[in-house]
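# Coordinate analysis (summary)
Each chain, letter by letter, is given below.
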Amino acid sequence: MTSAPIRIARIALGLGGLAVIAADIALTLNATGALDLGNYVGQFTILSVLFVSVAMLVAASARREPRGWVHVRASALTALAVAAVLHATLLGGAAGASGPIVNTLLHTALPLLALVEWALVPSAGRTRVVTALAGLAFAVVYLGGTLVRGAVIDWYPYDFVDPTGPAGYAGLVQSLAIVLVAFLVVGAVVMGIGMLRDRLSAARVAPPVR
């Protein structure tokens, strides 16, 4: 059973993520006067924050961790970490209409807090090699949904997923390859941290050798 301090910390992180999104929406509306909710939710960072926030709240509300939840945790953290990396690299790290404070919360503070939670709190299930691949499922679903939606409404959240740009589908394939590599690398790091955490946790609870 999850301890009360861990449940409280997860609730705080989950509600904190939702609060940052609410602030982002309010400040964007104040700055621009308009917001397309579908396009807003279509951003990878927003979906990743929602993923982590919901995962934290579900874990906090459950008396026992759901089966296979370690892979859900890893997938959510991987998505949020990749969003932070891509924002800093492919997107230049620039703040949106909501300003630099919200930008920092979305792309730095929340990923770091989620990483700390992952590193310190063991799951009921052990981290395995398949855990590194868990984030790919989220990436594939997101990219597939984005391409289908973009073809229907002629709008893409990022240039690197826009096949109608100057580079066409060749540029799209190259960009997606970079994104998938980022997911694999970050997923491997998340897996490694999880395995180390599991090993240290097992060593703490193991009976002393006499």
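A brief structural summary. (Residues numbered from 1 in each chain as written. Predicted model: local features only at pLDDT ≥ 70, side-chain atom pairs only at ≥ 80, totals over all residues. Heavy atoms only, no water.)

## Looking at the side chain of S53
In this structure, S53 sits in helix α3 (residues 44–61). Here the side chain of S53 touches V49 through a polar contact of 2.8 Å, landing on its backbone oxygen. (Helix = DSSP H or I, 4+ residues; strand = E, 2+ residues; numbered from the N terminus. Polar contact = N/O pair within 3.5 Å; in protein donor to acceptor, adjacent residues only side chain to side chain.)

## Here we look at helix α1 (residues 4–32)
The terminal C-alpha atoms of α1 lie 42 Å apart, and with 29 residues this matches the ideal 42 Å at 1.5 Å per residue to within 8%. Those residues of α1 that fall on the buried side of the exposure criterion are R10, L13, G14, G17, V20, I21, D24 and T28. Contact partners of the buried residues in α1: α2 (37–41), α3, α4 (69–88) and α5 (100–120). Directly after α1, the chain includes G33, whose backbone phi takes a positive value near 80°. (Expected span 1.5 Å × (residues − 1). Buried < 20%, exposed > 50% of the residue type's maximum accessible area, 1.4 Å probe, protein only. Contact = heavy atoms within 4.5 Å.)

## Here's the deal with helix α6 (residues 129–153)
Its 25 residues give α6 an end-to-end C-alpha distance of 38 Å, which sits within 8% of 36 Å, the value for a rise of 1.5 Å per residue. Of all the positions in α6, only T131, A132, A134, G135, F138, A139, Y142, L143, T146 and G150 are classed as buried. Downstream of α6 by a residue or two, D154 has a phi angle that is positive, lying close to 60°.

## Re the side chain of S48
Here S48 is to be found in helix α3. Assessed through its relative accessible area of 0%, S48 is described here as buried. Here the side chain of S48 touches F44 through a polar contact of 2.8 Å, landing on its backbone oxygen.

## Observations regarding the pattern of salt bridges
Under the defined criterion, the tally for this structure stands at three salt bridges. The salt bridge involving E117 is made with R73; its shortest N-O contact spans 3.0 Å. In this pair, E117 is assigned in helix α5 and R73 in helix α4, connecting sequence segments 44 residues apart. Classification of E117 by relative accessible area gives buried; the value is 12%. Judged by relative accessible area, R73 falls into the buried class, the value being 7%. Note that R197 and D198 form a salt bridge whose closest N and O atoms lie 3.0 Å from each other. D198 carries the same exposure label as R197, and that label is buried. Ionic contacts of the salt-bridge type, sharing partners, join the residues R10, R73 and E117 into one network. (Salt bridge = Lys/Arg side-chain N within 4 Å of Asp/Glu carboxyl O.)

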